[in-house]
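Chain by chain, the residues:
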Amino acid sequence: MSKILVTGGLGFIGSHTVVELQNEGFEVVIIDDLSNSSEKVLDGINAITGKTPVFEKLDLKEKSAVESFFKKHSDLKGVIHFAANKAVGESVKEPLMYYENNVGSLVYILKELKKLPEANFIFSSSCTVYGQADKLPITEDAAVKLAESPYGNTKQIGEEIIQDTCNAIPSIKAIALRYFNPIGAHESANIGELPLGVPQNLVPFITQTAIGLREQLSVFGDDYPTPDGTCIRDYIHVVDLAKAHVVALQRLLKGKNKKQYETFNLGTGTGSSVLEVIKSFEKVSGEKLNYKLVDRRAGDVISAYADTQKAKNELGWETKLSLDDAMASAWKWEKKVRGK
Ligand code: UD1
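Residues numbered from 1 in each chain as written. Predicted model: local features only at pLDDT ≥ 70, side-chain atom pairs only at ≥ 80, totals over all residues. Heavy atoms only, no water.

On domain assignment, one finds that the chain holds domain 1 (3-183 + 236-266) and domain 2 (202-233 + 269-337). The gap between the C-alpha centroids of domain 1 and domain 2 is 24 Å. Three residues stand out in domain 1 for area buried against domain 2, namely Ile-183, His-237 and Asp-240, and they jointly supply 25% of the buried area on that side. Put simply, domain 1 and domain 2 have two salt bridges between them. Residue assignment for the side of domain 1 that touches domain 2 shows that the elements contributing at least two residues are β7 (181-183), β10 (235-237), α8 (238-253) and β11 (261-266). With seven residues, the single largest contributor to the side of domain 1 that touches domain 2 is α8. A class-by-class count of the residues in the side of domain 1 that touches domain 2 yields 12 nonpolar, seven polar and six charged. (Domains from an automatic or database assignment. Buried area = accessible area lost by both parts, 1.4 Å probe. Salt bridge = Lys/Arg side-chain N within 4 Å of Asp/Glu carboxyl O. Helix = DSSP H or I, 4+ residues; strand = E, 2+ residues; numbered from the N terminus. Nonpolar A, V, L, I, M, F, W, Y, C, P; charged D, E, K, R; others polar.)

Further remarks concern the pattern of salt bridges. Evaluation of the coordinates by the stated rule reveals 17 salt bridges. Note that Glu-112 and Lys-115 form a salt bridge whose closest N and O atoms lie 3.0 Å from each other. Taken together, the shared-partner salt bridges connect Arg-251, Lys-258, Glu-262 and Glu-314 into one network.

Laid out in C-alpha cells, this is it:
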C-alpha cells in the first residue's frame, strides 16, 4: 500500500480526495492546521470509507515541524498539496499572510522532497492563472495573465516554483491541476464544503440563503456580454475533481508522465451562467431562491470554461457528474449540516 501525504486533507477538496485515495487502496496521512477545517471531517471520511486516515495537526509555515514530519514519514510515495489560504478578498487585505502561507509552505515541502530518492508531487492550482482568457474554451497553453489578486498570484508563483524545481532536480516529478469552479459535496453528505463566515463563492451562498442563514443572494452583474447577461463559469463536481487527483498521482507513480512537470485543466468543458446555476438549484431542491440582480463584482472575469481534451487524452479522465448532481449534493449537505 503506497503511503500518500495530503496537506490540507481536512478541507473541502482535500477531504474528498482522501476518500477517493482510500477507495483506491492508498494509505493516507493528512496534515492540516485546522485554520479552516475541523477534526470532525475525519469521522465523515471514516463513515464513507470505513477507514480513518492518520492525521497530524501541523502548521506548514513551521520549517522545523515540516522537516521532522518528513523524517518520520520517510516512506512517502507521493504528496498532494492542498493546504493554502484561498479567499480572494482577504488576500488583497493580507497579502503577506498569503505569500507566507501559500508560497512559504510550498518551498518547505519541496525542500524535503529534494532529499528523497524519488518524489511525486500534485499541486492544487486554479484556472485563475488564465484571468480572462483570449480564447474559449481555455487550453493549458493559454497565456498566464497578470494575477488579479495576491491569492491568484500565489498560484502562479507556486507553479513557477515547481517548474523551476523540476528543472533543477530530476528526482522530483510534478503535476499542477488547474481547477475551474469546484462545487457540491459527497453524495453521502458525510463531507462537504464548510465556509468560515459569509461565503464568497456562489454555491455555498445559494444553499445558505435557501436554508435561511442568508437573506438574499446578490447576483453580481446582469449586463455582461453573455446570453443572459450573467457571468459564465465551469462548475465541476468536487467528487469528479477528487478522482482526477488520484488519476494524476497514479500517472506519476507509474511513470506515465510525458514531462517532469505537467499542467492539466480540471473542468467539465461546459460553461454555466449564474442564472443557470440558480435554476439548477431550484429544480433539484424544489426551493424558490430569493435573489436579486445587483452591480458587477470587481475583478470578475466574464466567462471561463475548460478545454478538457488534454485531461481526457493524457489522464484518461473526464467528469461524470452534472451540474444538477452537484447542486443536489450541495443542498443535501447544507441540510445535513444545519440539522434539517
Ligand atoms: C473565485 C475567485 C477565484 C478562485 C475561486 C475559487 C474571485 C473574484 N475569484 O472564482 O480566484 O480561484 O473563487 O473557488 O473571487 N456570484 C454571485 N453572487 C455571489 C457569489 C458569486 O453572483 O454571492 C457570481 C460571481 O460573480 C461569478 C460566479 O458567481 O460570476 C462564481 O463566483 P465564485 O463562486 O466566487 O467563483 P469565481 O469568481 O469564479
